Amino acid sequence: MSGGHSEYNPSNGFTKWLDARLPLPRFVYDSFIAYPVPRNLNGWYTFGAILAIMLIVQIITGVVLAMHYVASTAGAFNSVEFIMRDVNYGWLMRRLHANGASMFFFAVYIHIFRGMYYGSYKNPREVLWILGVLIFLLMMATAFMGYVLPWGQMSFWGATVITGFFSAIPLVGTTIQEWLLGGFAVGNPTLNRFFSLHYLLPFMIVGVVALHVWALHVTGQTNPTGVEVKNMKKETVPFTPYATIKDFLGLSLFFIVFAWFVFYLPDYMGHPDNYIRANSLKTPAHIVPEWYFLPFYAILRAITFNISIPFTDIVLINSKLGGVLAMVGSIAILFVLPWLDTSKVRSASYRPLYKQFFWVFVVVSVLLGWLGSKPADGGYVIAAQILTAYYFAHFLIILPWLGWYEKPKQVPPSIADAVLKKKSTAAQPAE
Amino acid sequence: MKPIFSKLTGLCVVVFLAMGVSGAFAAEEGETPHYPIKKPREASWSFAGPFGKWDLGQLQRGYKVYTEVCSACHSIDLIAFRNLSGLGYSEAQVKAIAAEYEVTDGPDEDGEMFERTAVPSDRIPGPFANDEAAKASNGGALPPDFSLLAKARGVERGFPLFVFDVFTMYAENGPDYINSLLTGYQEAPTHIEISEGTYYNPYYVAGPSLAMAPPLDDGSVTYDDGAPETLDQYSKDVSAFMMWAAEPFLVTRKSMGFKVMIYLLIFSLLLYLTKKKIFAGIKD
């Protein structure tokens, strides 16, 4: 659906001259103006554009914040307060950046779930999906390191807990951990390298986003029917103005939610303890990560048992390593999702069983998030273990089995048929 | 083909599994008490809600309570005298307030540190030279700095309140906690044992009792604006002052938020109408 030939016609002498040397205007025209998109895209498809804009918002506010931030254990906390109190509009920049990270994850989760619902990862879009998972991983690393920078109590103890995962690796774990920290514990070298990497990774995200968009433009977008475009003329509309205006509307509505938090509830998604200066001698009562990491945190803490060779005392995987493996696995499994889902039908609209399991999966993910915020004791651990088992079963058992067991509904022969059918049923008077 | 189970039952099974199991065990662990014993009481604050404004009289009274009582033990490191103009004081008043303090400066050309009268650009000096001195004078407990305390304290709201809070814009966890704590001292119930030299307070977030003695009582500070000289009033005033100290741009933020919201709502409406018009042009 990439369109094949270009429809760009340079209109004046300069653009003709440039087109023969560096056809940048042609590239922009073909990608963002003439680029054909399915005519039946719904609102859930605007989150890609929303994410692109959020990335830009994060980079711009981040660059401004970096001009005033001091990356040292002695100065970091006060420099953030200096930004909040004395830098012109510094409070706004910081609120936008911190809440922007949350909104970025909120949008990316919707974007990922949308991809799962409409089967966007299926042949021929596997690489597009894998690049997306890679962006998600980079986002997680960036957000984690960014949260360390204000050097509050949660920054410090969160960093201590997360970098502690590396010590779970057999034999070389402690060496790797000390190499990452630049010392035996989280300290000044750690803060400095986290600042450096927090500034670097967003630009790596930009790079992978470019590949993600490139892959998207090669295969073309999916659409709610999951049927590929067959008739370009009847079934697609040009990106501008159709997709542009829709994306703008989605973005504007999204910004209302964003502004709601920035201006009225700026600390809602943060933790009060992070307004206390980092203190390596005082552990907070509960160390909790930011909300967007909570489901994975629950999976990490669900593994409370050692895995040993039956009838012996030989421990193969201790609970710490097991937890780390489960957490890494819960994200890594997304990379192979295109091959775990064996159904030939893309969209959940035509998969009655998958649709139910999809929503169960969404609820399980949200519940895991809730459990991640609770102390790891008693019933919370058992609930997290059940839900963790379900999380993996969804990918490893349910999806492969559904493709074989489920009888999908009749898939429309084309997008045009689906759109026309919808229109004619909508036009019928209600009984 | 018949679905194995309906969407709703599917969801219910999962939810009940999770809730049921965790609920059953939560009952069992009822023996380890969770703090605070009592949730903070919600007071009404002038700065709450989308149109929140500071009550400058209240902030000035709160600052008076701070300087006359709290500042004996608690510092407020991040606040400079010049910031006090945010409480409604004129430039001359700020200068006069600063002039009441002595600060250490230097070294001078002989390499000596010297004392001089404070100026508006100086930070408000704290009661102790360092944390160790503060601990030594307070039975080993460090009185926390006031600059950010109203944002650094907050009791978890729990489900479902935390969901409602998004819509009601509840963001006064800090001042509600401080206000509840200051007015919450009482006799310890007989079944609760508290350690020597601490004071029972069911609102305290980290245990049944804390090292700070009840700091305020009716009549401990004289107000010159006719406000009631009661513990409740002192407590509310100083809590509001602490919120200001922690978030001096709170009101600026909210009033800018209103303009942003109006802009985005109108912009969204225009975009919606434009989108409708553009899509009406698609021919089948």
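Located above this text is the structure these notes cover.
The structure presented is a predicted model; accordingly, all values stated were derived computationally and were not measured.

Trainee: Sorry if this is basic, but what is going on with the packing of helix α11 (residues 239–264) of chain A against helix α9 (residues 250–280) of chain B here?
Mentor: Packed helix pairs are characterised by how far apart their axes lie and by the angle those axes make with each other. Packing of α11(A) against α9(B) leaves a shortest axis separation of 9 Å and a crossing angle of 160°. On the basis of the axis angle, α11(A) is roughly antiparallel to α9(B). As α11(A) packs across α9(B), the resulting crossing turns out to be left-handed.

Trainee: Explain the interface of chain B and chain A here, please?
Mentor: One frequently used descriptor of interface size is the decrease in accessible area upon assembly of the parts. In this assembly, 62 residues from chain B lie in contact with 61 residues from chain A. Overall, the association of chain B and chain A removes approximately 5600 Å² of surface from exposure, summing both partners, and the carbon and sulfur fraction of that is 74%. Linking chain B to chain A there are two salt bridges. Taking the shortest distance from any N to any O, the salt bridge between B:Glu247 and A:Arg95 comes out at 2.8 Å. At the junction of chain B and chain A, the tally comes to nine residue pairs in polar contact (both at pLDDT 80 or more). Elements supplying a minimum of two residues to the side of chain B that touches chain A: α1 (7–28), α5 (149–152), α6 (161–168), α8 (231–246) and α9 of chain B. With 18 residues, α9(B) is the single largest residue contributor to the side of chain B that touches chain A. Looking at side-chain class alone, the side of chain B that touches chain A contains 40 nonpolar, nine polar and 13 charged residues.

Trainee: Which parts of the structure should I look at to understand the pattern of salt bridges?
Mentor: With the rule as written, the count across this model stands at 19 salt bridges over all chains. Between A:Arg351 and A:Asp341 there is a salt bridge; the shortest N-O distance is 3.3 Å. Taken together, the residues span a long stretch of sequence, with A:Arg351 in the loop between α14 (337–340) and α15 (352–372) and A:Asp341 in the loop between α14 and α15 at a distance of 10 residues. Note on accessibility: A:Arg351 and A:Asp341 belong to one class, buried. By sharing partners, the salt bridges in this structure join A:Arg95, A:Asp267, B:Lys151, B:Glu247 and B:Arg253 into a single network.

Trainee: Sorry, what's going on with the side chain of B:Ser180 here?
Mentor: Positionally, B:Ser180 belongs in helix α7 (residues 173–182). Beyond its immediate chain neighbours, meaning those up to four positions away, B:Ser180 contacts B:Pro40, B:Arg41 and B:Tyr203.

Trainee: Just to check I follow, could you spell out the packing of aromatic side chains for this structure?
Mentor: Where two aromatic rings form a pair, the distance of their centres and the angle of their planes describe that pair. All names here are of chain B. Following the criterion strictly, the structure yields 55 aromatic pairs over all chains and no others. When the ring of Tyr66 is compared with that of Phe146, the centres are 5.4 Å apart and the planes differ by 45°; the resulting orientation is tilted. Of this pair, Tyr66 sits in helix α2 (residues 56–68) while Phe146 is found in the loop between α4 (131–137) and α5, placing the two residues 80 residues apart along the sequence. The side chain of Lys236 reaches across the aromatic face of Trp45, ending 5.1 Å from its centre.

Rules used in this analysis
- Residues numbered from 1 in each chain as written.
- Chains lettered and ligands numbered in written order.
- Predicted model: local features only at pLDDT ≥ 70, side-chain atom pairs only at ≥ 80, totals over all residues.
- Heavy atoms only, no water.
- Axes fitted to C-alpha atoms, helices over the stretch in contact; angles between N-to-C directions.
- Helix = DSSP H or I, 4+ residues; strand = E, 2+ residues; numbered from the N terminus.
- Parallel < 35°, antiparallel > 145°, perpendicular 65-115°, else oblique.
- Left-handed = near helix turned anticlockwise from the far one by under 90°.
- Contact = heavy atoms within 4.5 Å.
- Buried area = accessible area lost by both parts, 1.4 Å probe.
- Salt bridge = Lys/Arg side-chain N within 4 Å of Asp/Glu carboxyl O.
- Polar contact = N/O pair within 3.5 Å; in protein donor to acceptor, adjacent residues only side chain to side chain.
- Nonpolar A, V, L, I, M, F, W, Y, C, P; charged D, E, K, R; others polar.
- Buried < 20%, exposed > 50% of the residue type's maximum accessible area, 1.4 Å probe, protein only.
- Phe/Tyr/Trp six-rings, centres within 6.5 Å; stacked < 30°, edge-to-face > 60°.
- Lys NZ or Arg CZ within 6 Å of the ring centre and 35° of its normal.

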